[in-house]
Amino acid sequence: MAKNRYFEDEELDTINTHTLKRLLGSLGRYRLTIILSLLLMFVAAGAGLIGPWLTKIAIDVYMKNGDVSGLIRISIVYLVLMLANSLCLRYRLLLMVRMGNDFIQRLRRQAFIHINTLSFRFFDERPVGKIITRVMSNVDRIQQMVKHGIVNMITDLLKLVILFVVMFVVDSRLALVALCMTPLLVLFVMAVKKPIRHAWQSVQKKGSNLNAWINESITGIQVTQSFVREEKNSRIMEEQLQENYDSWMKAVKLSVSLFPVVLILNNIGVSAVYLLGYRYLQWDMITLGTLIAFTQYLWMVTDPIINLSNFFNEILVALSGAERVYDLLDTEPEIVDRENAAELPPLKGDVAFNHVHFRYEEDNPVLKDMHFQVEAGETIALVGETGAGKSTIINLINRFYDIQEGSLTLDGFDIRDVTQSSLRSQVGIMMQDSFIFSGTVKDNIRYGKLDATDGEIIRAAKAVHAHDFISQMENGYDTEVKEGGSRLSVGQKQLLAFARTLLYDPRILILDEATSSIDTHTEKLLQKAVDAVLKNRTSFVIAHRLSTIRHADRIFVIQDGRVAEQGSHDELIKKKGLYHNLHEAQYRKVI
């Protein structure tokens, strides 16, 4: 299978301060938690910084003078400081983990809610796997930085500054020698910053491609097995996995290069301090306690530098995820309510297409000057060749897409002037591919009417002749069905979807090949229920089997984006036009 647009790398803006500022700005609600966490970190850092100074006093004063009681006192003070350090770090960790989890939960909820507002065109152009990646994996990458990175960065920066000051206070000559490696470290970090950023962006892209491929493969498993594509798809999977692995390893190799360089440069500084300190001891220029305390402070410099270098990696990983999450959140829905959109009042059911022009893509019109009127209570059948525009008509009635020219009115109300929720609450649709959600049979039927009683659910099921097979299941209406209704036949899934639509009780009902997968016997029973349900209700029925629409009030033959013919079944047969030809061709095929 050739790689298609699903596997193209997504080009986003490079990481900039705007992304970081936006991420930090969203943490404003947690300012008290962050402040408390910083205070705990400062107390812990302060307790840790006092330790080497106590060591100096213990060596130069108490040990030198043989003061055992003084050593015991200073040891107790040291233990108390270490206990305070441990407790502060523990409670700081609990605070930040709680804050990080809450932040990620809110961000993921915000992304999911926003996705539900996006228009159909958004999903037409993006595979599900990539969307899931942005809601799950990309958000997860932000979590580590939020929980630990930000507070640690501030604390480590301040700790580093304080350490430099203390080292100069202890001995400025040793401090200058110890810090001679710092400029080299800064230059190295600046040199690897851009390659690391690009490497982690590549990881995001390859991971997104892999998720998209897995989702597509699982969704199309029946087709895969039917065409014996397992081996070929396995090879494609290997390629995707290898690309994902290679991108990870490249990013990791670049990221971990920071640690050994920091360690090597710091060891060079420590070695220089020991060499110079040894000479100073010989010349009585410093005390042994001062040298030991200074080297302890110098080793303490290593931790914040390594932490900051790790935080640099964390922020690159987090921002490469954040830019994709924000790219999703910044995607504006194509279909939006106008500023003064009104609530659509209860409909009678009049529908009018007034010279409607529509296209999904530029220079590829689907509907061309579509013009017709439907009176309340009429049943309209839409027939025509594949791609003629039948499904587009029903998509426009629900305002899943906006027309480019003309207008579409319901009871005289332009659907662009009313709210989407008030429109769709009165328009029911049942598609050919009936999706069944995980949950009980009862949950699936009441999906569009959460306050429906058990009696209403059973009546809807009986109306579409689904009650019998539901009653035969182990727990009846409380039987659990898996996602996609895998334990149900195609016909049973359609019957459940039909019951769900009927319970919704819309004023305008759309059936898109709704009975295509039901056996002949069930179809006859269902047709009686459908006739009763469609009575006094405006309905649009798309069906390739012309036998199912013989009793429609009018049949529209759609050709090349226009209504080429319209009339009752008998009228169109007598006319001997397009519908007559379709009917004869289908009849001969059946014979």
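Residues numbered from 1 in each chain as written. Predicted model: local features only at pLDDT ≥ 70, side-chain atom pairs only at ≥ 80, totals over all residues. Heavy atoms only, no water.

1. Remarks on the overall build of the protein chain
Note the threshold: Segments assigned H or I by DSSP are reported as helices when at least four residues long, segments assigned E as strands when at least two residues long, and all are numbered from the N terminus. Only protein chains enter the area calculation, which uses a 1.4 Å probe; residues under 20% of their type maximum are buried, those over 50% are exposed, and those in between are partly exposed. The contact definition used throughout considers only heavy atoms, calling two residues in contact when any of these lie within 4.5 Å. Only four residue types enter the tally: Lys and Arg on the positive side, Asp and Glu on the negative side; His and the chain ends are excluded. By convention, the point assigned to a charge is CZ for Arg, NZ for Lys, CD for Glu and CG for Asp.
Check the secondary structure of the protein chain and you find 21 helices and 12 strands. Sorting the 591 residues of the protein chain into buried and exposed places 47% on the buried side. Residue pairs in contact within the protein chain that sit at least 24 positions apart in sequence constitute 79% of those at least 6 positions apart. The centroid of the 66 positive side-chain charges in the protein chain is displaced by 5 Å from the centroid of its 66 negative side-chain charges.

2. Things to note about the environment of Leu 308
You can see Leu 308 is positioned in helix H12 (residues 288-329). Taking the C-alpha atoms as reference points, Leu 308 and Ala 499, 191 residues apart in sequence, are found 60 Å from one another. Among all residues touching Leu 308, those that are not within four sequence positions of it are Met 153, Asp 156, Leu 157 and Leu 160.

3. Comments concerning the pairing of strand S4 (residues 405-410)
The line we're drawing: One requirement defines pairing of two strands: DSSP has to find at least two bridges between them.
The sheet contact formed by strand S1 (residues 351-361) and S4 spans five bridges and is antiparallel. Considered in S4, the bridge of Phe 353 is made with Leu 408. Pairing analysis gives two bridges linking S4 to strand S5 (residues 413-414), with the strands arranged antiparallel. The residue of S5 that forms the bridge with Leu 410 is Phe 413.

4. Considering the side chain of Arg 399
With respect to the helices, strands and loops of the structure, Arg 399 is situated in the loop between helix H13 (390-397) and S4. A relative accessible area of 3% means that Arg 399 is categorised as buried. Discounting residues that sit within four places of it in the chain, Arg 399 has contacts with Ile 335, Val 336, Asp 337, Ile 415, Arg 416, Val 418, Gln 420, Leu 423 and Arg 424.

5. Observations regarding the sheet that holds strand S2 (residues 364-374)
Our working rule: Every angle, taken between N-to-C directions, lies between 0 and 180 degrees, and every axis is a line fitted to C-alpha atoms, over only the stretch in contact when it is a helix.
Pairing is antiparallel in the open sheet, where four strands are placed in the order S2-S1-S4-S5. Across the chains shown, the open sheet's two edge strands, defined by having one partner strand only, are S2 and S5. Relative to S2, S1 is paired through seven bridges, and the arrangement is antiparallel. Across the sheet, Val 356 pairs through a bridge with Met 370, a residue of S2. Across the face of the sheet, H13 comes into contact with S1, S2 and S4 while running at roughly 110° to S1.

6. Side note on the packing of aromatic side chains
Note the threshold: Two aromatic rings from Phe, Tyr or Trp, using only the six-membered ring of Trp, form a pair when their centres are within 6.5 Å; if the ring planes differ by under 30 degrees the pair is stacked, by over 60 it is edge-to-face, and anything between is tilted.
Tallying each qualifying case throughout the model produces 11 aromatic pairs. Relative to Phe 400, the ring of Phe 120 lies with its centre 4.1 Å away and its plane at 10°, an arrangement referred to as stacked. Taken together, the positions of Phe 120 in helix H4 (residues 120-124) and Phe 400 in the loop between H13 and S4 put the pair 280 residues apart, joining distant regions of the chain. Between Phe 353 and Phe 372, the ring centres sit 4.6 Å apart and the planes meet at 20°, which makes this aromatic pair stacked. In this pair, Phe 353 sits in strand S1 while Phe 372 sits in strand S2, placing the two residues 19 residues apart along the sequence. Accessibility classification places Phe 353 together with Phe 372 in one group, the buried group.

7. Details of the environment of Asp 337
Note the following rule: A 3.5 Å cut-off defines polar contacts: any pair of N or O atoms within that distance qualifies, except that in protein one atom must be a possible hydrogen donor and the other a possible acceptor, and neighbouring residues in sequence count only when both atoms are side-chain atoms.
With respect to the helices and strands, Asp 337 occurs in the loop between H12 and S1. Residue Asp 337 is classed as partly exposed on the basis of its relative accessible area of 35%. Put simply, Asp 337 and Ile 380 are 43 residues apart on the chain and 28 Å apart in space, counted from C-alpha to C-alpha. Not counting chain neighbours up to four residues away, the residues in contact with Asp 337 comprise Arg 399, Val 418, Thr 419 and Gln 420. Looking at Asp 337, its side chain comes within polar contact range of the main-chain nitrogen of Gln 420, at 3.0 Å.

8. Considering the confidence of the model for the protein chain
Rules: The predictor rates its confidence in each residue with pLDDT, a number between 0 and 100.
For the protein chain, the mean per-residue pLDDT works out to 82, and 91% of the residues sit at or above 70. Every residue in residues 1-15 is under pLDDT 50, and counting partners more than four places away or in other chains gives 45 contacts.

9. Regarding the nonpolar core
Let me state the cut-off plainly: What makes a nonpolar core is a set of buried Ala, Val, Leu, Ile, Met, Phe, Trp, Tyr and Cys residues whose side-chain atoms join them at distances within 4.5 Å.
In this structure, Leu 27, Phe 103 and Ile 142 are the most contacted members of the largest nonpolar core, which totals 41 residues. Broken down by secondary-structure element, the contributors of at least two residues to this core are helix H2 (31-65), helix H3 (68-117), helix H5 (128-135), helix H6 (137-170), helix H8 (182-219) and H12. For this core, the element with the highest residue contribution is H12, accounting for 11 residues. In contact with Ile 142, not counting residues within four places along its chain, are Leu 23, Phe 103, Ile 104, Leu 107, Ala 318, Ala 322 and Val 325.

10. Section: the side chain of Ser 119
Note that Ser 119 resides in the loop between H3 and H4. Here Ile 335 takes part through its backbone nitrogen, which lies 2.7 Å from a polar atom of the side chain of Ser 119. The contact partners of Ser 119, leaving out residues within four places of it in the chain, are Pro 333, Glu 334 and Ile 335.

11. Section: the packing of H2 against H3
Rule in force here: Any angle that falls under 35 degrees is termed roughly parallel, while one over 145 is termed roughly antiparallel, one within 65 to 115 roughly perpendicular, and all others oblique. Crossings are sorted by hand: turned counterclockwise from the far helix by less than a right angle, the near helix makes the crossing left-handed, and turned clockwise it makes it right-handed. Ten residue types, Ala, Val, Leu, Ile, Met, Phe, Trp, Tyr, Cys and Pro, are classed as nonpolar, four, Asp, Glu, Lys and Arg, as charged, and the remainder, Gly among them, as polar.
One way to put it is that H2 packs onto H3 with a least axis distance of 8 Å and a crossing angle of 160°. As far as their axial angle goes, H3 and H2 are roughly antiparallel. The two elements H2 and H3 cross, and the hand of that crossing is left-handed. Classifying every residue of the contact of H2 with H3 by side-chain character gives 26 nonpolar, six polar and two charged.

12. Section: a nonpolar patch on the surface
Test applied: Patch definition: residues with relative accessible area over 30% and no salt bridge; like charges joined within 9 Å; nonpolar side chains (Val, Leu, Ile, Met, Phe, Trp, Tyr) joined within 5 Å. To measure how exposed things are, a 1.4 Å probe is used in the Shrake-Rupley method; for residues, cover is taken only from the protein chains shown. What makes a salt bridge here is a side-chain nitrogen of Lys or Arg within 4 Å of a carboxyl oxygen of Asp or Glu, nothing more.
A cluster of nonpolar side chains, Leu 32, Ile 35, Leu 36, Leu 39, Phe 42, Leu 158 and Ile 162, forms an exposed patch at the surface whose accessible area comes to about 640 Å². Listing elements by their share of the nonpolar patch, those giving two or more residues are H2 and H6. The dominant element in the nonpolar patch, judged by the number of residues it contributes, is H2, at five residues. Assessed through its relative accessible area of 67%, Leu 32 is described here as exposed.

13. Observations regarding the pattern of salt bridges
Under the criterion given, the structure shown has 21 salt bridges. Between Asp 454 and Lys 442 there is a salt bridge; the shortest N-O distance is 3.5 Å. Linking Asp 454 in helix H16 (residues 454-463) with Lys 442 in helix H15 (residues 441-445), this pair joins segments that are 12 residues apart in sequence. By relative accessible area, Lys 442 is classed as buried at 13%. Among the charged side chains, a salt-bridge network with shared partners connects Lys 442, Arg 446, Asp 454 and Asp 478.

14. Examining unusual backbone geometry
A positive phi angle, close to 55°, is found at Arg 399, a residue other than glycine. The phi dihedral of Asp 505 falls on the positive side, at around 55°, and the residue is not glycine.

15. As for the pairing of strand S12 (residues 562-567)
Taken together, the five bridges between strand S11 (residues 554-559) and S12 define a ladder with antiparallel strand orientation. Bridging from a neighbouring strand, Ile 555 pairs with Gly 567 of S12. Connecting the antiparallel pair S11 and S12 is a turn made up of two residues, with Asp 560 showing a positive phi of about 55°.

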